[in-house]
Amino acid sequence: MALESRLSSHYCDLHVHIGRTSEGQAVKISGSRDLTFEGIAKEAAERKGIELIGIIDSHSPGVLRDIRALLDSGEMNEAEGGGIAYRGTTILLGAEIEIREPGRKECHVLAFMPDLAAMENFSGWMAKHMRNINLSSQRLYAPARELQDEIYGRGGILIPAHIFTPHKGLYGCAAERLAELFDLERIAAVELGLSADSEMAGYISELDGYTFLTNSDAHSLGKIGREYNVIEMAQPSFSELRLALERREGRRVSANFGLNPRLGKYHRTYCAGCGSIIDEAFATSERCPYCGGQKLVQGVFDRILAIADRDRPSIPAHRPAYHYQVPLEFIPGLGKRKLEALLEAFGTEMRILHTASQAELAVVAGTELAGQIVLARSGTLELSSGGGGTYGKVLKPKGAATSCTEQ
Ligand SMILES: [Zn+2]
Ligand SMILES: [Zn+2]
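Residues numbered from 1 in each chain as written. Chains lettered and ligands numbered in written order. Predicted model: local features only at pLDDT ≥ 70, side-chain atom pairs only at ≥ 80, totals over all residues. Heavy atoms only, no water.

Asks: Can you break down the environment of E176 residue by residue, with the values?
Replies: Within the secondary structure, E176 sits in the loop between α5 (170-174) and β8 (190-191). Expressed as a C-alpha distance, the spacing of E176 and I304, which sit 128 residues apart in the sequence, is 9.3 Å. Residue contacts for E176: discarding those within four places in its chain leaves Y171, E206, R303 and I307. (Helix = DSSP H or I, 4+ residues; strand = E, 2+ residues; numbered from the N terminus. Contact = heavy atoms within 4.5 Å.)

And the structure:
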């Protein structure tokens, strides 16, 4: 049997935060209370249909204790190839880390470890270079290349996070090129973030060789899977993911699903003085065309154009399709009760989004909502631009706008 024929598609979201440990200790202060290691595993396996989920607060000692307890009780076990297995889902053990090189702004990276022992060991190293190892996304007081040594020395991988966001994204605020911070050979992939897509990233030639990831950066259970990847692998595990990011042995990311960048919070430049989002035609101006103020916050698209080394985007042959998809919770009229009914009928959100036909959806949710879900699948619901930390809006068919809630 050919090697490739044993591969299959898996839904993967590699950036989910933990709110609290099972003992109630805070990890991500702004994260929700039910965002525990076990709660995330259950949500991913039983409601979202996400088969590989990266929990990027796994370094926190309280979380590590939770994982040990879940292994000891037999509720979960260590997956072959790396990660923690729960039902059909594998949890990858990761950490989001803030780095700041001298003379630069700070930015976030993700580190994933092959197994629990490696993460415990890595956490021990980080604890010596952080003020509070218990919390999420803490500043590391060590050089970026030393961090690469520590990650790769333990068999792990590094992925710069939400690279274009003006708030703690590598290109967004810390550097114009990756090599200003890192050894290029020891970067496994890059995460685009909610306000950018593959085409926008195609303005920067040094990204051509890297695999792109689209992850949720969820701070609540509901947000898990608002962006995700389809990855061809033999099974969901750390070692298979690494092969896929390197596009080896037939493994690869075969699709990115993300918000239309126009929906992202930081897509366009906005004025901190009057709050206006600056229209494309005026975006190159130094002053706000509405109030004349100079406190413009550069949006993701405007930042990419400013640091681009190409006039137009170029998409390498290996790059998979980027599908715009509006998360179910953004759909006007799709409330909690309707979603529960859909989950009851189809099992998981991935099945609602990918498997159920319009006719089947209509039986459960009615004709109008079924039509909206089908539009959301293809990203063709009408949208207005986001900017200045506010998401764009899904416009109702009759013109009334529904605000997309934050985090
Ligand atoms: Zn971050
Ligand atoms: Zn994050």
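Having seen the model, we can carry on.
Asks: Just give me the short version of the packing of aromatic side chains, but keep the residues and values in it.
Replies: Think of a pair of aromatic rings as described by two things: how far the centres are apart, and how the planes are tilted against each other in angle. In the structure shown here, the tally under the stated rule is six aromatic pairs. Centroid distance F122 to W125: 6.0 Å. Interplanar angle 20 degrees. Geometry classified as stacked. Taken together, the residues F122 and W125, both in helix α3 (residues 116-127) and three residues apart, mark about one turn of the helix. For the pair formed by F122 and W125, the shared burial category is buried. Relative to F257, the ring of Y228 lies with its centre 4.9 Å away and its plane at 10 degrees, an arrangement referred to as stacked. (Phe/Tyr/Trp six-rings, centres within 6.5 Å; stacked < 30°, edge-to-face > 60°. Buried < 20%, exposed > 50% of the residue type's maximum accessible area, 1.4 Å probe, protein only.)

Asks: Which residues make up helix α1 (residues 37-48), and what are the values?
Replies: Note: α-helices contain 3.6 residues per turn, so residues at a spacing of three or four share the same orientation. Taking 1.5 Å of rise per residue, twelve residues should cover 16 Å, and α1 covers 15 Å from first to last C-alpha, within 8% of that figure. Buried residues in α1 make contact with β1 (8-16), β2 (52-55), α2 (61-72), β4 (84-86), β5 (89-99) and α10 (349-354). Positive phi shows up at G49, right after α1, with a value of about 80 degrees. (Expected span 1.5 Å × (residues − 1).)

Asks: Run through the coordination of the zinc ion (ligand 2), naming residues and quoting values.
Replies: Six octahedrally arranged donors around a metal ideally form angles of 90 or 180 degrees; four tetrahedrally arranged donors ideally form angles of 109.5 degrees. Surrounding the zinc ion (ligand 2) are the protein donor atoms H15 (NE2), H17 (NE2), E96 (OE) and D217 (OD), which sit 2.1 to 2.3 Å from the metal. In this structure, the zinc ion (ligand 2) is surrounded by four donor atoms whose angles at the metal cover 80 to 175 degrees, and the resulting shape is irregular. Counting along the primary sequence, the residues that act as donors to the zinc ion (ligand 2) give the motif H-x1-H-x78-E-x120-D. The distance between the zinc ion (ligand 2) and the zinc ion (ligand 1) comes to 3.6 Å, with E96 serving as a donor to both metals. Residue H17 is located in the loop between β1 and α1, and its partner E96 is located in strand β5; the two are separated by 79 residues in the primary sequence. (Donors = N, O, S within 2.8 Å, 3.2 Å for Na, K, Ca; no water. Tetrahedral: all angles 85-135°; square planar, octahedral: opposite > 155°, others 65-115°.)

Asks: Please give an account of the coordination of the zinc ion (ligand 1) that cites residues and values.
Replies: At this site the zinc ion (ligand 1) is bound by E96 (OE), H108 (ND1) and H162 (NE2), with donor distances of 2.1 to 2.2 Å. Positions of the donor residues of the zinc ion (ligand 1), expressed as sequence spacing, correspond to E-x11-H-x53-H.

Asks: If you had to explain the packing of helix α9 (residues 336-346) against helix α11 (residues 358-365) to someone new, which residues and values would you point to?
Replies: Two elements in contact, α9 and α11, have axes separated by 9 Å at closest approach and are oriented at 130 degrees. The orientation of α9 with respect to α11, classified from their angle, is oblique. When you trace α9 past α11, the crossing you get is right-handed. Contacts between α9 and α11 involve K338, A341, L342, A345 and F346 from the former and E360, L361, V364 and A365 from the latter. (Axes fitted to C-alpha atoms, helices over the stretch in contact; angles between N-to-C directions. Parallel < 35°, antiparallel > 145°, perpendicular 65-115°, else oblique. Left-handed = near helix turned anticlockwise from the far one by under 90°.)

Asks: Please provide a residue-by-residue account of helix α8 (residues 300-307), values included.
Replies: V300, D302, R303, I304 and I307 are the residues of α8 that are buried. Those residues of α8 hidden inside the fold are in contact with α5 and α6 (198-201).

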